[in-house]
Each structure stands twice: as structure tokens, then as C-alpha cells.
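Architecture at a glance
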Amino acid sequence: MKRILFSLVFFSVLIALWEGAFRAKIWSPVLLPAPIQVVQYLENAVTDGTLFHATVITMRRLLVGYFIGILGGLPLGFLTARAKIFHDTIGTLALGLQTLPSVCWVPLALLWFGQSEAAMLFVVVMGTLWSVVIATDTGVRNVPPIYRRAALTMGSKRLHMWFKVILPAALPFIVSGMKQGWAFAWRSLMAAEIFVTILTGFGLGQLLHYGRELSAMDQVIGIMFVIVVIGLLADKIFFSPIERFLHRRWGTSQA
Amino acid sequence: MLRHKTGSVTEELAVISPSKLLIQNVSKSFRGTAGDVLALDRVSLSVAEGEFVCLVGVSGCGKSTLLNIIAGLEKPDSGTVLADGEPVTGPGRERLVMFQESALFPWLDVLDNVLFGLKLKPNLTRKDRYDVAKYYLELVGLTRFEHANIHELSGGMKQRVALARALAPNPRVLLMDEPFAALDALTREQLYGDLQQIWKARRKTIVFVTHNVREAACLGDRVLLFSPHPGRIQEEFAVDLPRPRDINSVDLAGYASRITRALKNFSGSELAVAE
Ligand SMILES: Nc1ncnc2c1ncn2[C@@H]1O[C@H](COP(=O)(O)OP(=O)(O)O)[C@@H](O)[C@H]1O
Ligand SMILES: [Mg+2]
């Protein structure tokens, strides 16, 4: 309760400062609109459906690519953890590519796929995949051998062993890899949408881009706000509950 | 249908005949940084149906290796292991292992840990498995903790869960690798009593590894002494005391000191034995 109050006060002060800066006319109103203008923009964008439409398009790109990245990353990570040949090849590749900021995939995606949904998808998949591969690899390597041995004596093997022992035992690592993959994918998708106009759909990044073109600062700030909220929601709705569950089960401490 | 279900639970909980183990000339060496280590050198032993045998020896003398070979988790370089006349070629739920660290799965709660092996047994309904798991949790006195997370349990409770998990698929042989070594003395004493009781009720063949001589004398029908480098069975003691045995009894202390003396004779200064 107290914490809610504190954060309410904190954000009220922040908005008051913004309003103050606007009234003091430190910057031109074109560069710094009043908070109420941003709210009005968002209101309009909500009522005329542009915001909803753009959010759906962006989220579809993100989620489809993200799940492809995870579905591909898990088995690849298992392979690199279990077989030397895959470790030396795909594992090394993953390690290298993971250090590449995922925005760097944008130019390549454009040349390969043109201004298409495929290019967007490619960027998101690349952002997700390598993080998941590496986290899965690390997770599987860190499974205490005694779990395998205990499961073996009870009759677990092959697929059962993978799904009921190795995967859950590696889950804390895998989840943190998924979280990192999400962050990479989200950032690189925004960059791609800002740089590239794709006629099959205007995402949030494109709204942001047009806000700049039109010098519509209320739009720019409004969309930034939406992007922040989506990031927060993903954390609160998806990752936090999983992490809380893991902490509770494993007994690891939670910050 | 209903009759069939109840039938399989009683069947599942029935006391089945324990196995006879025959270990013949088993040798095993490991490639180490300082050359090959002969962990076991032509070890032979037989364990009767329902017998409780303790293996004692300083650490590094090959006790765990032997236990893993009996379990089928490792292959001997030469020699054979027969369980009821059948050669052991791999791990199987007829011979379940309880390790020193509990090896419980932290992603499952207590009940699901006990259910793990049961879910791999064919021909059991959901309810059967649940009833069987509850039976064993009660046997080890942990009914109240069925939904606890593993990390919330004390060391002694963890080993009780591990015992329930190993007992649940109704194996004929229980292989125990220093299961109580990490526990405090009071908890251990309690578990000695419980284990003897459970062994009597469930009739298992037990091979129990320890480096604690008193513990071996308290639990075993026979105590086998291992010598290190290479690992060999050096001597054997039959413990002829009525059960249940009390770890603090004078008679037991007599056995323990005789065994300790024998152990000192061939393990020299490498002594990590007896309390
Ligand atoms: N996987 C392994 N690789 C190499 N050496 C091993 C391995 N397992 C056991 N050893 C060696 O074999 C010997 C016996 O080990 P172990 O059976 O664990 O002894 P104990 O259980 O009696 O303490 C030791 O010298 C140990 O270093
Ligand atoms: Mg050992």
C-alpha cells in the first residue's frame, strides 16, 4: 500500500515537472508538448483504431518470430550441449552471433527479403534464437548428473528423460535466456520498424517514425509510452510469474 | 473395471520376494590423470534374498563403483552381476538407488517426486499411482509434507522422501550409497530405526554403503570390509544381534570395535572410520 503510494507520488511529481517545463517555455512547444497533448493524441489514436491496429501488427510480428526462435533454439541448445560436433559448430556460431547486436541484422534482412514481413520475422527470430540456444546449452550442461542417474534407474530414457528431467532441470537457465531473447527481439523489431516501411502493415515503430516525419512530438512521446507499457506488461504478465514460480520451487532467493 | 483398479493397487503394494544377487569377479578401472585406477579388482560376493549387507571401507576404495555396477549404471570391465540368475545389463526399476545427496528433483514437490518412478510403471491408473505414493509417504512419516517443495525440507526429511521414492516402484533390491552420511547424529539414529522397520515390513534385499562402522554394524546382517587400491573385499563379519538394533547398545559397540580393528589392519593410516 505504502509502496503504491510512493510510486504514485513519484510519477505525479515527474508529470508535474514536465508540465512545469512546458509552461516555462524552456523548449519550443513543438519539441516538448504538454502532457495533456500526449494524452489527447493517445485518446484519438485509440478511438480511431490506429493504435490498436499498429499494436496488433507489431505484436504479431514479435510473437510469431519469438516462438519460432524458441522452438528452434531449444532443440539446437540440446544438441550443442550433448554432442561435441554440434558444440563446435552451431555452439560457436551461436556464441559469436549472440554478441552481435540484433539491430545489425536489419540491413541484411532487407537485402535478403526486401521490404517484407519476412524481413521483420527474420530480425525477430535472429534476436531470439541465439540467446535461447546459448541458455539452453548452459542449462543442460549444468544439470547435475545425479538427476539423470536417478531417473535412469526409475526407467526414464530418451524423450521422457529430455522432457521430464533435463528440460525442467535446465529451466531456470532457459527462462533467463528466453527473457534475454525477448528483450533482443523487441528492440530489434522496433529498430526495423522505424527504419523500414512495410506496406503490409504499420506497426508501432512505423507510427513512431511518422511522428518524427510530421514533427508530431505528441505522437512520438505517446508511442514511446505505449512501447514502454508493452515491455512492462510482458514482464509482469509473462516472465515475473514464471520466475516467481521457479524461485519458489528451487528455493533460490528473490530480489 | 473398478475391481481391476483396486486389484492393481493391492498387487502394487504387495510384499514381493526380494532378489538374490550374485556378483562374480567384477573388475573396473578408470582412466585418471595419474594413470589408470583399478577401482575394483575381481570382486565377488553373493547377497541372499532379503539380506541386508553393508559395505564398509575408506573413501575411494570402490564402494560406489560397485553399487553403480549392481544398479546397472556402470558396466564392469569384466565379471558379471546376476540378479535372480539374470545378468544385469542396464539400470532397471527392480534395483533402485538412494544416493548420498538426495537427488530429489527440485522442480517437483514431494508427492510428484515419489510419483516419478510410478508414472513410468505401466498398467497403473492415476488413482493407483496416487494411492501407492501416499502409502509410502505415510511409511516414511511425511504425509503432511506431500505438497512441500524440496528445498523446504531438512536433510533428514529429504532422505525420507528419497527413500519413499526408491520404495514406491516396489523394487526387489535397494542400493543405498552413504544415504545418511550428511545428516546429524540424532536424525541418523531415527532413520536407523525407521529403515530397519521398513526393511522388515517391505522385505527388500539391501546393499548399503557406508564408511561408518557403527552404522554398518547396526544395520547389516553382514558387514563386508573393502580395502583400497585396488578395491577388494578383504574380510566379512556376520552381525548376530537381535533386531531392531540400537546404535548405542553395548553389544553393537563390541562388533563395531572388532570391525574397526580389522579395518585398521589393512587400511593403515588412511582411517576415516568410526565415530
Ligand atoms: N567416473 C570416474 N572417473 C575416474 N575415476 C573414478 C570415477 N569414479 C570413480 N573413480 C575412482 O575410482 C576409485 C573408487 O571410487 P568410488 O567407487 O567412488 O569410491 P568410494 O565410493 O568407495 O569412495 C577412486 O579412486 C575414484 O577416484
Ligand atoms: Mg562413494
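My aim in this report is to walk through the structure given alongside it, one point at a time. Bear in mind the structure is a predicted one, so any value in this text is a computation, not a measurement.

All names here are of chain B. Tracing the backbone through its elements, the reader meets Ser19 in the loop between α1 (2-13) and β1 (21-32). A relative accessible area of 2% means that Ser19 is categorised as buried. At 2.7 Å, the side chain of Ser19 and the side chain of Asp84 are in polar contact. With residues near it in sequence (within four places) discarded, Ser19 still touches Val47, Ala48, Glu49, Gly50, Asp84, Arg172, Val173 and Thr205.

So, on to the interface of chain B and chain A. Contact with chain B, which involves 24 residues of that partner, is made by 19 residues of chain A. In this assembly, chain B packs against chain A so that about 2,000 Å² is buried in total across both faces, 68% of it on carbon and sulfur atoms. Our count for the chain B to chain A interface comes out at 2 salt bridges. Between Asp109(B) and Arg249(A) there is a salt bridge whose closest N-O contact spans 4.0 Å. On the surface where chain B and chain A come into contact, there are 8 residue pairs in polar contact (both at pLDDT 80 or more). Within the residue set of the side of chain B that touches chain A, elements represented by two or more residues are β6 (95-98) and α3 (110-119) of chain B. When residues of the side of chain B that touches chain A are assigned to their parent elements, the largest contribution, 3 residues, is made by β6(B). Looking at the side of chain B that touches chain A residue by residue, the classes come out as 13 nonpolar, 5 polar and 6 charged.

What follows is about the side chain of Thr65(B). Within the fold, Thr65(B) resides in helix α2 (residues 63-71). Contact partners of Thr65(B), with chain neighbours within four places excluded, come to Lys28(B), Phe30(B), Ala39(B), Leu40(B) and Glu74(B).

Right, let's get into empty space enclosed by the protein. Applying the stated criterion across every chain, the model contains 3 cavities of 30 Å³ or more. Taken together, Ala150(A), Thr153(A), Met154(A), Leu96(B), Val97(B), Met98(B), Phe99(B), Ser102(B), Ala103(B), Ala162(B), Arg165(B) and Ala166(B) make up the full set of residues lining the largest cavity. Listed by contribution, the elements that provide at least two residues to the lining of the largest cavity are α7 (145-153) of chain A together with β6 and α5 (155-167) of chain B. Taken together, the residues that form the lining of the largest cavity break down as 9 nonpolar, 2 polar and 1 charged.

Time to look at the packing of aromatic side chains. All names here are of chain A. Following the criterion strictly, the structure yields 21 aromatic pairs over all chains and no others. Here Trp182 and Phe239 contribute two aromatic rings whose centre-to-centre distance is 6.2 Å and whose plane-to-plane angle is 65°, an arrangement assigned as edge-to-face. Of this pair, Trp182 sits in helix α8 (residues 158-195) while Phe239 sits in helix α10 (residues 217-250), and the two are 57 residues apart along the sequence. For the pair Trp182 and Phe239, a shared accessibility class is recorded, and that class is buried. Ring pairs connect the aromatic residues Tyr66, Phe67, Trp182, Phe238 and Phe239, which therefore count as one cluster. Lying across the ring of Phe22, Lys25 places its NZ or CZ 5.7 Å from the centre.

All names here are of chain B. Cis geometry marks the peptide bond from His229 to Pro230; its omega dihedral reads -5°. Assignment of secondary structure puts Pro230 in the loop between β9 (222-227) and β10 (232-238). The omega angle of the peptide bond from Arg243 to Pro244 is -5°, so this bond is cis rather than trans. Located in the positive-phi region is Arg203, a residue other than glycine, with phi close to 50°. Non-glycine residue His229 carries a positive phi angle of around 45°. Positionally, His229 belongs in the loop between β9 and β10. We classify His229 as exposed; its relative accessible area is 55%.

Time to look at the sheet that holds strand β8 (residues 205-210) of chain B. Residues and elements named next belong to chain B. Spatially, β6-β7-β8-β3-β9-β10 is the arrangement adopted by the 6 strands of the open sheet, whose pairing is mixed. One side of each edge strand has no neighbouring strand; the edge strands of this open sheet are β6 and β10. Looking at each pair of strands side by side, their axes are set apart by 20° on average, direction ignored. Sitting on the sheet, α5 is in contact with β6 and β7 (173-177), with an inclination near 175° to β6.

What counts, and where the lines are drawn
- Residues numbered from 1 in each chain as written.
- Chains lettered and ligands numbered in written order.
- Predicted model: local features only at pLDDT ≥ 70, side-chain atom pairs only at ≥ 80, totals over all residues.
- Heavy atoms only, no water.
- Helix = DSSP H or I, 4+ residues; strand = E, 2+ residues; numbered from the N terminus.
- Buried < 20%, exposed > 50% of the residue type's maximum accessible area, 1.4 Å probe, protein only.
- Polar contact = N/O pair within 3.5 Å; in protein donor to acceptor, adjacent residues only side chain to side chain.
- Contact = heavy atoms within 4.5 Å.
- Buried area = accessible area lost by both parts, 1.4 Å probe.
- Salt bridge = Lys/Arg side-chain N within 4 Å of Asp/Glu carboxyl O.
- Nonpolar A, V, L, I, M, F, W, Y, C, P; charged D, E, K, R; others polar.
- 1 Å grid on protein atoms, 1.4 Å probe; cavity = no way out; pocket = protein on both sides within 12 Å on 5 of 7 lines; lining within 4 Å.
- Points joined across faces, edges and corners; volume = space filled by probe spheres on them.
- Phe/Tyr/Trp six-rings, centres within 6.5 Å; stacked < 30°, edge-to-face > 60°.
- Lys NZ or Arg CZ within 6 Å of the ring centre and 35° of its normal.
- Pairing = 2+ DSSP bridges.
- Axes fitted to C-alpha atoms, helices over the stretch in contact; angles between N-to-C directions.

Everything listed is a geometric property; what it means functionally is a separate question.
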